[in-house]
Amino acid sequence: MSATSERPAPTTRVTALPPYVFAWLDELKATARARGAELIDLGIGNPDRPTPPAVIDAIQQAWADPRVHGYPSFRGDERFLNAAAGFMQRRFGVTVDPARELLCVSGGKEAIAQTSMAFADETSGSLVPDIYYPVHGRATLMSGSHTHWMPLTAARGFLPDFSAVPVAALQRAKLLLLNYPHNPTGAVATHAFFEDAVAFARRHGLVLLSDLAYSELTFDGFVAPSVFEIAGAKEVAVEVHSTSKSFNMAGSRIGFAAGNADVIDALMAVRNNMGYGTPVAIQRGAAYAFEHAEVLTRDVAATYQARRDVVIAGLRSLGWELESPRGTMFVWARVPVGFSSQEWTQHLIDVAGVVVAPGNAFGPGGEGYFRVSLVADDARLAGAVDRLRRAGVSYR
Ligand SMILES: Cc1ncc(COP(=O)(O)O)c(C=O)c1O
């Protein structure tokens, strides 16, 4: 036998994953750049603005203290947990016990994957919207669980219809994933929707995992609710918060999970058995951010709202009929007839040097759409629209 034939193949956990469309997009960009194209890249949702200086100061000061140079504690630094609890109280009017109902996590993405590991396996199922931030669908697939895709349609405001979930899927399901404000559609959910979601989760014995990564990126006066504003939510729910978008801290990898103490314990068991906590110095910076959230997030939200207006007005001027999203850092638009999502993405790179994300990168329901990330300043976004206009791009 040759040496290579003896090497074991990776498990189906890895090999059965659907193709990662963003890897395809990376190749497309590299090819375009190799032929000299200068791209305006609105493909990935990576915040382009810096972390607030006061947060950086807090991190630097903390690193200077040797007491934070050892392993961090598993649940989190006391100051961070108190700051997260304070934020939940001030922002949502929700009381959480920092000692039992909170956990520091190294970003929302990991927390979502780890919650899936804690509650989904080959014997169980997960209910996931069919348009989703990739980890929502891929982590449940990696955990081996049977994923039921709940259709999201424009007609329903990209909210799932719980009454349409088949009985067989419900009997198997243990986990329900939701994310509002929603990446990639920009849809938002009201208090009433979360009431339905909590009632549904309680009725069917589900853990409700709510991803609130965009809680502070809302516009036109809309304020995103926490699931814990609903009575009884703490019996079933866990909510994941992130500093990445609200405070431009994507590189610091920190957020928190809040919710039912047993669910938090299960998530903590997965985390503790696979790694250590988030560096304490980073936790101190994030603590500062949550303690000053009202001031720090105002400017962030206003910046994205202005950018949204530039892109919405630009696409409307090219023939798109679009609603203005009331949250997130994305504009979600239909692909013109005759193109698939990926064909359209390639077309925009070829004719205008503008990179967007194809809708099918976000699950089966995303086919026929594309996503524009608002990760450039107003002038550059207007420049992207100009490029489209000059290239004769329009919605027909
Ligand atoms: C819906 C959603 N959840 C979570 C994340 C990841 O957050 P974090 O950077 O905290 O891992 C993202 C990042 O784009 C996201 O869009």
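Residues numbered from 1 in each chain as written. Predicted model: local features only at pLDDT ≥ 70, side-chain atom pairs only at ≥ 80, totals over all residues.

## Remarks on the pairing of strand E6 (residues 207-211)
Working step 1: Where burial is concerned, most of E6 is hidden: five out of the five residues are buried.
Working step 2: Both strand E5 (residues 173-178) and E6 contribute to a ladder of four bridges, which runs parallel. Within E6, the residue paired with Leu178 across the bridge is Ser210.
Working step 3: Regarding the hand of the β-α-β motif, the stretch spanning E5, helix H9 (residues 191-204) and E6 is right-handed.
Working step 4: Across four bridges, E6 lies against strand E7 (residues 237-242) in parallel orientation. Residue pairing across strands places Asp211 opposite Val240, the latter belonging to E7. (Buried ≥ 20, exposed ≤ 12 C-beta atoms within 10 Å, placed from the backbone. Helix = DSSP H or I, 4+ residues; strand = E, 2+ residues; numbered from the N terminus. Pairing = 2+ DSSP bridges. Right-handed = clockwise from strand over helix to strand, strands pointing away.)

## Quick word on the domain arrangement of the chain
Working step 1: Each domain of the chain was delimited in the assignment, giving domain 1 (3-50 + 295-390) and domain 2 (53-293).
Working step 2: Averaged C-alpha coordinates put domain 1 and domain 2 at centres separated by 24 Å.
Working step 3: Contacts between domain 1 and domain 2 engage 29 residues on the former and 35 residues on the latter.
Working step 4: Listing elements by their share of the side of domain 1 that touches domain 2, those giving two or more residues are helix H12 (293-317) and strand E9 (330-334).
Working step 5: Examining the composition of the side of domain 1 that touches domain 2, we find that eight residues originate from one element, H12, more than from any other.
Working step 6: Looking at the side of domain 1 that touches domain 2 residue by residue, the classes come out as 15 nonpolar, nine polar and five charged. (Domains from an automatic or database assignment. Contact = placed C-beta atoms within 7 Å. Nonpolar A, V, L, I, M, F, W, Y, C, P; charged D, E, K, R; others polar.)

## Let's talk about the site of the ligand
Working step 1: What surrounds the ligand is a group of 13 residues, the closest being Gly107, Gly108, Lys109, Ser242 and Ser244.
Working step 2: By residue class, the composition of the shell around the ligand is three nonpolar, eight polar and two charged. (Near = placed C-beta within 6 Å.)

## Details of the packing of H12 against helix H14 (residues 378-390)
Working step 1: It is at 9 Å that the axes of H12 and H14 come closest, and there the two elements cross at 15°. Classified by the interaxial angle, the pair formed by H12 and H14 is roughly parallel. Between H12 and H14 lies a crossing whose hand is right-handed. Facing Ala306, Arg307, Val310, Val311 and Gly314 of H12, the residues of H14 in contact are Asp378, Leu381, Ala382 and Val385.
Working step 2: Here the residues of the contact of H12 with H14 sort into six nonpolar, one polar and two charged. (Axes fitted to C-alpha atoms, helices over the stretch in contact; angles between N-to-C directions. Parallel < 35°, antiparallel > 145°, perpendicular 65-115°, else oblique. Left-handed = near helix turned anticlockwise from the far one by under 90°.)

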